[in-house]
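So the chains spell out like this:
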Amino acid sequence: MITLLKKRILLGISGSIAIYKVFELIRYLRKKQAIVRIVMTKTSKKLINKLSLQILSNYKVFDDIFYTNNNNIIHIKLAKWADLILLVPATANIIAKVALGLADDLLSTICLATKAKIIIIPSMNNYMYKSPVTQHNIKTLRKRGILIWGPNFGKQICGDIGLGSMLNPNIIIKKLKQYFNTPLKNFNIMITAGPTHELIDPVRFISNYSSGKMGFSIAYVAALLGANVTLISGPVNLLTPPGNIKRINVISALEMKKAVMDNISNQNIFIGCAAVSDYRIINFSSSKIAKKDNLIINLIKNPDIISEVSQLTKNRPYVIGFSAETNLIKEHARKKLIEKKLDLICANNVSKNRFNNINNNYNELYLIWHDGEMLLSLNKKQVLAKQLMKQIIIRYEKDNKH
Ligand code: PMT
């Protein structure tokens, strides 16, 4: 069960009018048995009473950088105590201070001193949020691995309509549960995604319709579950999903193979979702081929990347393949499972008259392993990716090969 039990969460509260939502958040956190400590900024104390937070959190609320207890320096003590620092609501001012590394009060000093993860829940007027300075600060923080949750779009207390409202406490709790649900922590997972392009000449290539959506969804979910993800992507039109994802872009099957093999040695799980071109052109023409009545292109088979991975004798990862077919879906997949020596294969039907799963937002997958199978029925690729990762974790633990 995903739980916040005994998670040490430090709430850094600054002076936004959405501060009233913090009462409910503290109640939820305590209900989920998290241990809550609170630090308030000077402006937040003008908006709400310290005593109320003290009663709700059942602990002293801190606001003074010079407070000492048994000679403990409070900012260092709290910085080390926290599993997580939640800046909520976070004003443009505290965001700017954390981005710049300023340390002129207790909260900003703790943020500078901590090794704990910081999550920022912004809350401010939409013009303040959209301002290039705030956006620059947010970009800087994201680059540093700090998570920004929200804000929401909607009618603001000042009457403006736009982006800047603080997330509601129930959503924050939902996201926190997801955040702490990290069964793949310390796992390295490599995923290939998208098509490959096999060049005929500098302006032409052979390829397929793969959009990369299935592979990118899996990468996103794996990172959400705590994995260190290496995403090796063919040419696609997709942004790298947020999270701990190292993306390596490649064009051809040979480049994909090199990227995979160069980075495979420390992977626990390999997921081959890419639609690798089976063939490449034997004689790539370095200049554009002139139009002819008949053009014969000679093709040669590309190396089978996933087979090379599954045949590694040293540090072989758990290997999951995909199978795209238009008929005899399960039969072909079973054959590939055996021939390519995979641990699990995900079969999908890519015929035009089905759901056209390739280059589409939906898919349906048959998971087939050596002594069983399961259907993940038609759903959005993001949902399927979650269901698939859940099954991979179960199967990986059961097979316990590595
Ligand atoms: O990208 P989308 O638009 O979201 O579509 C997703 C998808 C349909 C492309 C995806 O779900 C999928 O099925 N990917 C695998 C497609 C495919 O190439 O299947 P295959 O049967 O040709 O290959 C079987 C397995 O061998 C695959 O894991 C493939 O990555 C791997 N392979 C194939 C050829 C090759 N030279 N090297 C390989 O590693």
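Residues numbered from 1 in each chain as written. Predicted model: local features only at pLDDT ≥ 70, side-chain atom pairs only at ≥ 80, totals over all residues. Heavy atoms only, no water.

Caption draft 1: Region of the structure containing the sheet that holds strand β1 (residues 8–13). The parallel open sheet is built from six strands, whose spatial order is β3-β2-β1-β6-β7-β8. The sheet is open, and its two edges are formed by β3 (61–62) and β8 (147–148), each paired on a single side. Lying on the sheet, helix α1 (residues 21–31) is in contact with β1, β2 (35–40) and β6 (84–90); it crosses β1 at an angle near 175°. On the sheet, helix α5 (residues 92–100) packs against β6 and β7 (117–122) and is oriented at approximately 140° with respect to β6. (Pairing = 2+ DSSP bridges. Helix = DSSP H or I, 4+ residues; strand = E, 2+ residues; numbered from the N terminus. Contact = heavy atoms within 4.5 Å. Axes fitted to C-alpha atoms, helices over the stretch in contact; angles between N-to-C directions.)

Caption draft 2: Expanded view of the packing of helix α4 (residues 74–81) against helix α6 (residues 106–113). Where α4 meets α6, the axes come as close as 8 Å, and the angle between the chain directions of the two elements is 50°. Here α6 runs oblique to α4, going by the angle between their axes. Considering the relative orientation of α4 and α6, their crossing is right-handed. Judged by residue contacts, I74, H75, I76, L78 and A79 of α4 engage L106, T109, I110 and A113 from α6. (Parallel < 35°, antiparallel > 145°, perpendicular 65-115°, else oblique. Left-handed = near helix turned anticlockwise from the far one by under 90°.)

Caption draft 3: View of the packing of aromatic side chains. Scanning all chains against the criterion turns up five aromatic pairs. Between the aromatic rings of F62 and Y67, the centroid separation amounts to 5.7 Å while the plane-to-plane angle is 65°, which identifies the pairing as edge-to-face. Accessibility expressed as a relative area gives 7% for F62, which makes it buried. By relative accessible area, Y67 is classed as partly exposed at 25%. (Phe/Tyr/Trp six-rings, centres within 6.5 Å; stacked < 30°, edge-to-face > 60°. Buried < 20%, exposed > 50% of the residue type's maximum accessible area, 1.4 Å probe, protein only.)

Caption draft 4: Region of the structure containing helix α10 (residues 213–224). Across its 12 residues, α10 extends 16 Å between first and last C-alpha, which sits within 8% of the 16 Å expected from 1.5 Å per residue. When you tally the buried positions in α10, you get nine out of 12 residues, the bulk of the element. Listed as buried for α10 are M214, G215, F216, S217, I218, A219, V221, A222 and A223. At the exit of α10 stands G226, carrying a positive phi of roughly 105°. (Expected span 1.5 Å × (residues − 1).)

Caption draft 5: The arrangement of the site of the ligand in detail. For the ligand, the set of nearby residues contains 27 residues, the closest of which are S211, G272, K336, N348 and N359. At 2.6 Å from an oxygen atom of the ligand is found a side-chain nitrogen or oxygen belonging to S210. Separating an oxygen atom of the ligand from a backbone N or O atom of I306 is a distance of 2.9 Å. When the ligand sits alone it has 770 Å² of accessible area, and the protein chains cover 95% of it. For the shell around the ligand, the secondary-structure elements that each account for two or more residues are α10, α12 (305–310) and β19 (318–325). For the shell around the ligand, the element with the highest residue contribution is β19, accounting for four residues. For the shell around the ligand, the class distribution of residues is 12 nonpolar, nine polar and six charged. (Near = heavy atom within 4 Å. Polar contact = N/O pair within 3.5 Å; in protein donor to acceptor, adjacent residues only side chain to side chain. Areas by Shrake-Rupley, 256 points an atom, 1.4 Å probe, with all protein chains shown as cover. Nonpolar A, V, L, I, M, F, W, Y, C, P; charged D, E, K, R; others polar.)

Caption draft 6: The packing of α1 against helix α3 (residues 50–57), seen in detail. Relative to each other, α1 and α3 sit at 15°, their axes nearing to 9 Å. The orientation of α1 relative to α3 falls into the category roughly parallel. The two elements α1 and α3 cross, and the hand of that crossing is right-handed. Each of V22, F23, I26, R27 and R30 in α1 lies in contact with α3, whose residues at this interface are S52, L53, I55, L56 and S57.

Caption draft 7: Spatial organisation of the domain arrangement of the protein chain. Split by domain assignment, the protein chain resolves into domain 1 (8–180) and domain 2 (188–399). Here the C-alpha centre of domain 2 lies 41 Å away from the C-alpha centre of domain 1. (Domains from an automatic or database assignment.)

Caption draft 8: Here's a closer look at the sheet that holds β19. Strand order in this open sheet of eight strands is β15-β14-β11-β16-β19-β20-β21-β22, and the pairing throughout is mixed. Because the sheet does not close on itself, it has two edges, and the strands there are β15 (245–249) and β22 (372–380). Each adjacent strand pair in this sheet contributes to an overall mean axis angle of 15°, direction not counted. Relative to strand β14 (residues 228–233), strand β11 (residues 188–193) is paired through six bridges, and the arrangement is parallel. Considered in β14, the bridge of T192 is made with I232. Those strands touched by helix α14 (residues 381–399) are β11, β16 (269–272), β19, β20 (344–349), β21 (362–369) and β22, and its axis lies near 160° from that of β22.

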